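Understanding the architecture of this molecule
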Amino acid sequence: MNAGNEEGDQPGRYAYMRVAGLMLANPYVLLAFASLCWSGNHIIGRAIAGHVPPLGISTVRWAIPALVLWPIARSHLRRDWPDIKPHWRLMLWLGLTGGALFSALQYVGLQYTTALNVSVLNSLTPVFIILAGTLMFRDRIAIIQVLGIATSLIGVLIIVARGSFATLAQIA
């Protein structure tokens, strides 16, 4: 008799649930999943470019997660509303520019370039955030941030060069 392979076998089902739970508790798996979602967003955005207006894609892209997360977030928003309410204008501004406008402009860009190009450009966002913090708030850049920026830029160069640095010499 094959233990764990028979249909309806409970220990096999529980083992699967244990492994799934461990994976969802692993931050590295969750970070990889977030990257998969971002790249999937670029691929789908490129595939439907020209068929659906960028603002329509952006609206759907934010409406679906909002509906899914609403049952989870509702109690937290109710609890935290006294702290949020005095800053609602700032929160609205950040939501419109950082979420809706960014997404809409990304989908406009996807009408004119590849999903890979948008992903490469998107990978530079942390660099711009660190630079903005330095310029606007006089934040000091830590050595670990410099190493992170260097690693990200090297990765971008490898992707752009398709693994061959001779390709970089031919870029015009």
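A quick note: this is a predicted structure, and the numbers were derived from the prediction, not measured. Per chain, residue numbering runs from 1 following the sequence as it is written. Only residues with pLDDT of at least 70 get local features here, since the model is predicted, and only at 80 or more are side-chain atom pairs given and counted; chain-wide, interface and lining totals rely on the full set of residues. Water and hydrogen atoms play no part in the side-chain values, which are based on all heavy atoms of the structure.

1. Some words on the environment of Val 120
Under the scheme used here, helices are H or I runs from DSSP no shorter than 4 residues and strands are E runs no shorter than 2 residues, and both carry numbers assigned from the N terminus. Of note, Val 120 is situated in helix α5 (residues 115-123). Note on exposure labels: buried denotes an accessible area under 20% of the residue type's maximum, exposed denotes more than 50%, and partly exposed covers the range between, all computed with a 1.4 Å probe on protein chains only. Val 120 gets classed as buried once you look at its relative accessible area, which sits at 13%. Between the C-alpha atom of Val 120 and that of Gly 155, which follows or precedes it by 35 residues, the distance is 9.1 Å. Residues count as neighbours in contact if any of their non-hydrogen atoms are within 4.5 Å of one another. Beyond its immediate sequence surroundings of up to four residues, Val 120 is in contact with Val 156, Ile 159 and Val 160.

2. Some words on unusual backbone geometry
Even without being a glycine, Arg 138 presents a positive backbone phi close to 60°. Examined against the element boundaries, Arg 138 turns out to sit in the loop between α6 (125-137) and α7 (143-160). The exposure class of Arg 138 is exposed, given its relative accessible area of 71%. Unusually for a residue other than glycine, Arg 162 sits at a positive phi of about 55°. Judged by its relative accessible area of 72%, Arg 162 falls in the exposed class.

3. What to know about the packing of aromatic side chains
Within a pair of aromatic rings, the relevant descriptors are the distance that separates the centres and the angle that separates the planes. Pairs were defined over the aromatic rings of Phe, Tyr and Trp, the Trp ring being its six-membered one, requiring ring centres within 6.5 Å. Orientation was assigned from the angle between planes: stacked under 30 degrees, edge-to-face over 60, tilted for the rest. Per the counting criterion, the structure on display carries zero aromatic pairs. Lysine NZ or arginine CZ positioned within 6 Å of the ring centre and within 35 degrees of the ring normal marks a charge as sitting over the ring. For the cation-ring pair, Arg 61 lies above Trp 62, with the distance from its terminal atom to the ring centre recorded as 4.4 Å.

4. Overview of the pattern of salt bridges
Definition used for salt bridges: Asp or Glu carboxyl oxygen within 4 Å of a side-chain nitrogen of Lys or Arg. For the coordinates displayed, the defined rule picks out one salt bridge. Across the pair Arg 79 and Asp 80 runs a salt bridge, and its minimum N-O distance is 3.0 Å. The class for Arg 79 is exposed, based on a relative accessible area of 55%. Since its relative accessible area comes to 27%, Asp 80 is described here as partly exposed.

5. Focus on a nonpolar patch on the surface
Residues enter patches when they are more than 30% accessible in relative terms and free of salt bridges; like-charged ones are connected within 9 Å and nonpolar ones (Val, Leu, Ile, Met, Phe, Trp, Tyr) within 5 Å. Only the protein chains shown count as cover for residues, and all accessible areas are computed by the Shrake-Rupley method using a 1.4 Å probe. Judged by side-chain polarity, Phe 128, Leu 131, Ile 141, Ile 143, Ile 144, Val 146 and Leu 147 come together as a nonpolar surface patch covering roughly 680 Å² of accessible area. Looking at the nonpolar patch, the elements with two or more residues in it are α6 and α7.

6. As for the packing of helix α2 (residues 27-47) against helix α4 (residues 88-110)
Between N-to-C directions, angles cover 0 to 180 degrees, with each direction set by a line fitted to C-alpha atoms, over the stretch in contact for helices. It is the contact of α2 with α4, at a shortest axis distance of 9 Å, that shows an interaxial angle of 55°. Viewed along their axes, α2 and α4 adopt a mutual orientation that is oblique. Seen along the crossing, α2 lies across α4 with a hand that is right-handed. Side by side, α2 and α4 meet where Trp 38, Asn 41, His 42, Gly 45 and Arg 46 of the first sit next to Phe 102, Gln 106, Tyr 107 and Leu 110 of the second. Note that Gly is not counted as nonpolar here; it falls among the polar residues with everything else outside the nonpolar set of Ala, Val, Leu, Ile, Met, Phe, Trp, Tyr, Cys and Pro and the charged set of Asp, Glu, Lys and Arg. In terms of residue class, the contact of α2 with α4 is built from four nonpolar, four polar and one charged. Between 65 and 115 degrees an angle is taken as roughly perpendicular, under 35 as roughly parallel, over 145 as roughly antiparallel, and anywhere else as oblique. Left-handed describes a crossing in which the near helix is turned anticlockwise from the far one by less than a right angle; the clockwise case is right-handed.

7. Some thoughts on the nonpolar core
Side-chain atoms within 4.5 Å are what join buried Ala, Val, Leu, Ile, Met, Phe, Trp, Tyr and Cys residues into a set we call a nonpolar core. Grouped together as the largest cluster of nonpolar side chains are five residues: Ile 57, Tyr 107, Leu 110, Ala 115 and Val 118. Listed by contribution, the elements that provide at least two residues to this core are α4 and α5. Sequence-distant contacts of Ile 57, defined by excluding residues within four places in its chain, comprise Ile 48, Val 52 and Tyr 107.

8. Overview of helix α3 (residues 54-84)
Its 31 residues place the ends of α3 only 30 Å apart at the C-alpha level, less than the 45 Å of an ideal helix rising 1.5 Å per residue. All of the buried residues in α3 are Pro 54, Ile 57 and Ser 58. Residues of α3 that are buried make contact with α4. By this rule the span expected of a helix is its residue count minus one, scaled by 1.5 Å.

9. Observations regarding the confidence of the model for the protein
The predictor attaches a confidence to each residue, and that confidence, scored 0 to 100, is pLDDT. The predicted model of the protein averages 84 in pLDDT, with 91% of residues at 70 or higher. The element-level mean pLDDT for the protein is lowest in helix α1 (residues 10-24), coming to 70, with α3 highest at 92.

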